[in-house]
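What the coordinates show
Listed here are the chains, written in short residue letters.
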Amino acid sequence: MGMTMADAFDDECDYLFKAVMIGDSGVGKTNLLSMFSRGEFRLDSKPTIGVEFAYRNVRVGDKLIKAQIWDTAGQERFRAITSSYYRGALGALLVYDITRRATFENLKKWLRELRELGDSQMVIMLVGNKSDLGHKRNVNEEEGRMLAEQEGIFFMETSAFENTNVEEAFVQMITQIHQVTSQKSLDAKVTETTAPCAGQIILNVDEVSATKKAGCCSQ
Ligand code: GTP
Ligand code: MG
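Computed from a prediction, not measured in an experiment: that's the story for all the values here.

For the chain, the count of helices and strands is nine helices and seven strands. Relative to its full complement of 219 residues, the chain shows a buried share of 44%. Long-range contacts, defined as pairs at least 24 residues apart, comprise 76% of the intrachain contacts of the chain with a sequence gap of at least 6. Of the roughly 11100 Å² of accessible surface on the chain, 53% is carried by carbon and sulfur atoms.

As structure tokens, then:
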């Protein structure tokens, strides 16, 4: 998704975390990811075909974490889902659309797949997207919160369109992954799934926005 091989390896970080986007077609997975990684939103975005991914560096405490986030099609016929999509993923953003009830009902199916194919320690963030469309709302915020509580996962409502809570949802997921992995740092499994990056660079706010701008024309 606009990243070249060079981008993937040019800067240095302490850890590389993989996370995945899942949820029905049209809920806004690709736009949430493009907003988080490049500050971009498209009203006319096309359904994703196959698998794409994007990177973003996030500082958690004294560590610089490179988040590698995979995005795939919600539409069954375009999905390139095999267990490889989930392999090594430490986090998942499970997205529904607050204006389309069916996307909320389908969460059961997505949770089943996550629990079947994902790591048992995976950090799951449930996201009710399109909070800007309050007048068309079909799922109450409370319903999302209750489901998340039942499932023992995190929850946030977002708007990729208005850039509301987008940063917060990803950063909370990444911070939780960091907590899980640092608690389990002696666990061999975690060493396998988090690739350490040598050295460290300092990213300040200006550098982050410069990075975002630089990516604005690539697709
Ligand atoms: P698939 O790739 O088919 O699985 O869909 P997706 O989940 O990636 O959805 P995508 O990001 O392509 O967005 C689908 C449509 O919803 C597009 O027209 C977006 O512009 C729109 N959209 C995404 N997020 C928001 C949002 O927060 N608010 C509003 N109003 N529209 C949104
Ligand atoms: Mg998509």
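Moving on to the nonpolar core. Met21, Leu94, Leu114, Leu126 and Phe170 are the most contacted members of the largest nonpolar core, which has 50 residues in total. The biggest single contributor to this core is strand β4 (residues 89-97), with seven residues. Look past the residues within four positions of Leu94 in its chain and what remains in contact with it is Ile22, Gly23, Leu107, Trp110, Leu111, Leu114, Ile124, Met125, Leu126 and Val127.

For the magnesium ion (ligand 2), the full set of protein donor atoms is Thr30 (OG1) and Thr48 (OG1), and the range of their distances to it is 2.0 Å. Of the two residues, Thr30 sits in helix α2 (residues 29-38) while Thr48 sits in the loop between α2 and β2 (51-60), which places them 18 residues apart along the sequence.

A complete count under the given rule lists eight aromatic pairs for this structure. Considering the side-chain rings of Phe36 and Phe170, the 4.2 Å spacing of their centres and the 10° angle between planes classify their relative orientation as stacked. Of this pair, Phe36 sits in helix α2 while Phe170 sits in helix α7 (residues 166-183), and the two are 134 residues apart along the sequence. For Phe36, a relative accessible area of 2% puts it in the buried group. Residue Phe170 is classed as buried on the basis of its relative accessible area of 0%.

Attention now moves to the pattern of salt bridges. Side-chain pairs of opposite charge can arise where the charged atoms are in close proximity. All told, the structure shown has 10 salt bridges when counted by the stated rule. Among the ionic pairs, Arg137 bridges to Glu157, the shortest N-O distance being 2.8 Å. Pair noted here: Arg137 is in the loop between β5 (123-129) and α6 (141-151) and Glu157 is in strand β6 (residues 154-157), with a separation of 20 residues, a long-range link. Residue classification places Glu157 among the buried residues on the basis of a relative accessible area of 8%.

Here Asn129 shows up in strand β5. Setting aside its immediate chain neighbours within four residues, Asn129 contacts Val27, Gly28, Leu32, Val95, Tyr96, Asp97, Ile98, Thr158, Ser159 and Ala160.

With respect to burial, strand β3 (residues 63-72) is a largely interior element, eight of its 10 residues being buried. In this sheet, β3 lies alongside β2 in antiparallel orientation, the contact comprising 10 bridges. Bridged to Tyr55 within β3 is Gln68. Where β2 folds back on β3, the antiparallel hairpin that results is connected by two residues, among which Gly61 adopts a positive phi of roughly 60°.

A separate point is α2. Counting buried residues in α2 gives nine out of 10 residues, a clear majority hidden from the surface. By the burial criterion, the buried members of α2 are Lys29, Asn31, Leu32, Leu33, Ser34, Met35, Phe36, Ser37 and Arg38. Residue Gly39 follows α2 closely and has a positive phi angle near 70°.

Conventions used here
Every chain begins its residue count from 1, and numbering advances along the sequence as written. Chain labels run from A onward and ligand labels from 1 onward, assigned in the order the entries are written. Residues qualify for local features only when their pLDDT is at least 70, as the model is predicted, and side-chain atom pairs are given and counted only at 80 or more; totals for whole chains, interfaces and linings, by contrast, use all residues. Calculated side-chain values reflect all of the structure's heavy atoms, with hydrogen atoms and water omitted. Numbering of helices and strands runs from the N terminus; a helix is a DSSP stretch of H or I covering at least four residues, while a strand is a stretch of E covering at least two. Exposed residues in this analysis have more than 50% of their type's maximum accessible area, buried residues have under 20%, and partly exposed residues fall in between, with area computed by a 1.4 Å probe over protein chains only. Contact criterion: two residues are considered in contact whenever any of their non-hydrogen atoms come within 4.5 Å of each other. Here the accessible surface of atoms and residues is derived via Shrake-Rupley with a 1.4 Å probe, and residues count as covered only by protein chains that are part of the display. Each nonpolar core is a collection of buried residues, namely Ala, Val, Leu, Ile, Met, Phe, Trp, Tyr and Cys, held together in the definition by side-chain atoms within 4.5 Å. Donor atoms: N, O and S within 2.8 Å of the metal, or within 3.2 Å for Na, K and Ca. Because water is excluded, sites can look incomplete. For Phe, Tyr and Trp, where Trp contributes only its six-membered ring, two rings pair if their centres lie within 6.5 Å, and the inter-plane angle classes them as stacked under 30 degrees, edge-to-face over 60, or tilted in between. By definition here, a salt bridge exists when the distance from a side-chain nitrogen of Lys or Arg to a carboxyl oxygen of Asp or Glu is within 4 Å. Pairing between strands is defined by DSSP: at least two bridges between them are needed.

Interpretation in functional terms is not warranted from these geometric data alone.
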